[in-house]
Amino acid sequence: LAWGVPRLRDLPWRSERDPWRILVAEVMLQQTQADRVVPKWHSFLDAYPDPPACAAASLGNVLRHWQGLGYPRRARNLHATATTVVERYGGQLPDDLAALLALPGIGPYTARAVLAFAFERDVGVVDTNIARVLARATGARLTPKQAQMSADEHVPVGHGWVWNQVLMDLGAVVCRPSPRCDECPLADLADGGCRWHRAGRPDPDPAVGSAGVSTRQARFAGSDREARGRVLRAVHDGPRPVAEFERRIVDGLVADGLVVVGDGTVALPG
């Protein structure tokens, strides 16, 4: 903490404790870099400052505000979560792990991130950056259960918020896929430091294949993801003829609830 607190990145959601604002940030940050998220986070919350505002909007409008971030199923799940929160919890996100995990699209990382960063609970958060640190420090590839247990065991009592933020930044800035071990506070600790570094950083890197550590994304150009994004951009301002697009791509978007088809046109949900 002494090493990390002065080095914490200045990210706008770190000054927040509102559970909805934290949730929106965490969902946006999935597979998207922070610098791209910042302006979208502000504009999305200007439009939907709380779950009731998001639930009252059409999915189509929520998708319009999401445009440019990619992975639109995240926006669909946020809209569904907002609706569920209004129906079951009076418009306030629950302060309970099981209840958070039951919300649409919220997995173990996101649920614990809300608990740690909004409610300041002493729970371990395991994103790709933290998972990388844990695997290398342990010196072994970790299963999901092992990674979560390790994360929980290391949280200092009463410091859950700052501990997870520091560990996340350690992985994002220093313990990267190509690590900067000369900058790492764990590298040369004799007790409780980084076993992988002390062993001479042997192959294979224990972070590779560990639970929570992301792998290189598939090529975007020419992919179905690119084609789906092209359809969603095209219908942003209104319906377009289905014939303009590959029907397989349109059918996939329909199955995901991201567009509707009727009278030979494709459009965002009403």
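Structural notes, computed from the coordinates. (Residues numbered from 1 in each chain as written. Predicted model: local features only at pLDDT ≥ 70, side-chain atom pairs only at ≥ 80, totals over all residues. Heavy atoms only, no water.)

**So, helix H4 (residues 59-66)**
Argument step 1. Every buried residue belonging to H4 is among Leu 59, Gly 60, Val 62, Leu 63 and Trp 66, and all of these are buried. Along the axis of H4, the buried residues cluster in a sector spanning 160 degrees; they form a single face.
Argument step 2. In the core, the buried residues of H4 are packed alongside helix H1 (19-29), helix H2 (34-47), helix H3 (51-56) and helix H5 (73-89).
Argument step 3. At the C-terminal side of H4, Gly 68 shows a positive phi close to 105 degrees. (Buried < 20%, exposed > 50% of the residue type's maximum accessible area, 1.4 Å probe, protein only. Helix = DSSP H or I, 4+ residues; strand = E, 2+ residues; numbered from the N terminus. Arc of directions from axis to C-beta. Contact = heavy atoms within 4.5 Å.)

**Some details on the pattern of salt bridges**
Argument step 1. If you walk through the whole model with that rule in mind, you get 12 salt bridges.
Argument step 2. Across the salt bridge formed by Asp 224 and Arg 248, the nearest N and O atoms sit 2.8 Å from each other. One end of the pair, Asp 224, is in helix H12 (residues 224-234); the other, Arg 248, is in helix H13 (residues 247-255), and 24 residues separate them in sequence.
Argument step 3. When its relative accessible area of 38% is taken as the criterion, Asp 224 is described as partly exposed.
Argument step 4. Among the salt bridges present, the one from Arg 228 reaches Asp 256, with a minimum N-O distance of 2.8 Å. With a gap of 28 residues between them, Arg 228 in helix H12 and Asp 256 in the loop between H13 and strand S2 (260-262) connect regions that are remote in the sequence. Judged on exposure class, the residue Arg 228 and its partner Asp 256 are both buried.
Argument step 5. What you see here is one network of salt bridges that share partners, running through Arg 9, Arg 14 and Asp 169. (Salt bridge = Lys/Arg side-chain N within 4 Å of Asp/Glu carboxyl O.)

**Some remarks on helix H7 (residues 108-117)**
Argument step 1. Where burial is concerned, most of H7 is hidden: 9 out of the 10 residues are buried.
Argument step 2. Buried within H7 are the following residues: Tyr 109, Thr 110, Ala 111, Arg 112, Ala 113, Val 114, Leu 115, Ala 116 and Phe 117.
Argument step 3. Buried positions along H7 lie against H1, helix H6 (97-101), helix H9 (144-154) and helix H10 (160-174).

**A word on the nonpolar core**
Argument step 1. In this structure, Trp 20, Phe 44 and Phe 117 are the most contacted members of the largest nonpolar core, which totals 74 residues.
Argument step 2. Excluding residues that lie within four positions of it along the chain, Trp 20 makes contacts with Phe 44, Leu 45, Tyr 48, Pro 49, Asp 50, Pro 51, Cys 54, Leu 78, Ala 82 and Leu 93. (Core = buried A, V, L, I, M, F, W, Y, C linked by side-chain atoms within 4.5 Å.)

**Section: unusual backbone geometry**
Argument step 1. Along the chain, Asp 203 connects to Pro 204 via a cis peptide bond; the corresponding omega equals 0 degrees.
Argument step 2. One can find Pro 204 in the loop between helix H11 (195-198) and H12.
Argument step 3. Residues other than glycine seldom take positive phi values, yet Glu 120 does so here, at roughly 55 degrees.
Argument step 4. Examined against the element boundaries, Glu 120 turns out to sit in the loop between H7 and helix H8 (128-138).
Argument step 5. For Glu 120, a relative accessible area of 43% puts it in the partly exposed group.

**What about the side chain of Arg 132?**
Argument step 1. Secondary-structure assignment places Arg 132 in helix H8.
Argument step 2. Buried within the structure, Arg 132 lacks any salt-bridge partner; its nearest side chain of opposite charge belongs to Asp 205, at an N-O separation of 6.7 Å.
Argument step 3. In terms of polar contacts, Arg 132 uses its side chain to reach the backbone carbonyl oxygen of Cys 175, at 2.9 Å.
Argument step 4. With sequence-adjacent residues up to four places away left out, Arg 132 is seen in contact with Gly 171, Cys 175, Arg 176, Pro 177, Ala 207 and Val 213. (Lys, Arg positive; Asp, Glu negative; His and termini not counted. Polar contact = N/O pair within 3.5 Å; in protein donor to acceptor, adjacent residues only side chain to side chain.)

**Structural notes on the sheet that holds S2**
Argument step 1. Judged by pairing direction, the sheet is antiparallel, and its 3 strands sit side by side in the order S1-S3-S2 without closing on themselves. One side of each edge strand has no neighbouring strand; the edge strands of this open sheet are strand S1 (240-241) and S2.
Argument step 2. The sheet contact formed by S1 and strand S3 (residues 265-267) spans 2 bridges and is antiparallel. Counterpart to Arg 240 in the pairing with S3 is Val 266. (Pairing = 2+ DSSP bridges.)

**With respect to the packing of H8 against H10**
Argument step 1. Contact geometry for H8 and H10: axes closest at 7 Å, N-to-C directions at 80 degrees. Taken together, the axes of H8 and H10 are roughly perpendicular relative to one another. Mapping the contact onto sequence places Asn 129, Ile 130, Arg 132 and Val 133 in H8 and Asn 164, Leu 167, Met 168, Leu 170, Gly 171 and Ala 172 in H10.
Argument step 2. Across the contact of H8 with H10, the residue classes tally to 6 nonpolar, 3 polar and 1 charged. (Axes fitted to C-alpha atoms, helices over the stretch in contact; angles between N-to-C directions. Parallel < 35°, antiparallel > 145°, perpendicular 65-115°, else oblique. Nonpolar A, V, L, I, M, F, W, Y, C, P; charged D, E, K, R; others polar.)

**Side note on the packing of aromatic side chains**
Argument step 1. In total, this model carries 3 aromatic pairs according to the counting rule given.
Argument step 2. Between Trp 13 and Trp 41 the ring centres are 5.6 Å apart and the planes differ by 75 degrees, which places this aromatic pair in the edge-to-face class. Within this pair, whereas Trp 13 is found in the segment before H1, its partner Trp 41 is found in helix H2, the two being separated by 28 residues in sequence. The same class applies to Trp 13 and to Trp 41, which are both buried.
Argument step 3. Pairing Phe 44 with Tyr 48 gives two aromatic rings, centres 5.1 Å apart and planes at 65 degrees, and the pair type is edge-to-face.
Argument step 4. Owing to a relative accessible area of 5%, Tyr 48 belongs among the buried residues under this scheme.
Argument step 5. Counting every residue linked through ring pairs, the aromatic cluster contains Phe 44, Tyr 48 and Trp 66. (Phe/Tyr/Trp six-rings, centres within 6.5 Å; stacked < 30°, edge-to-face > 60°.)

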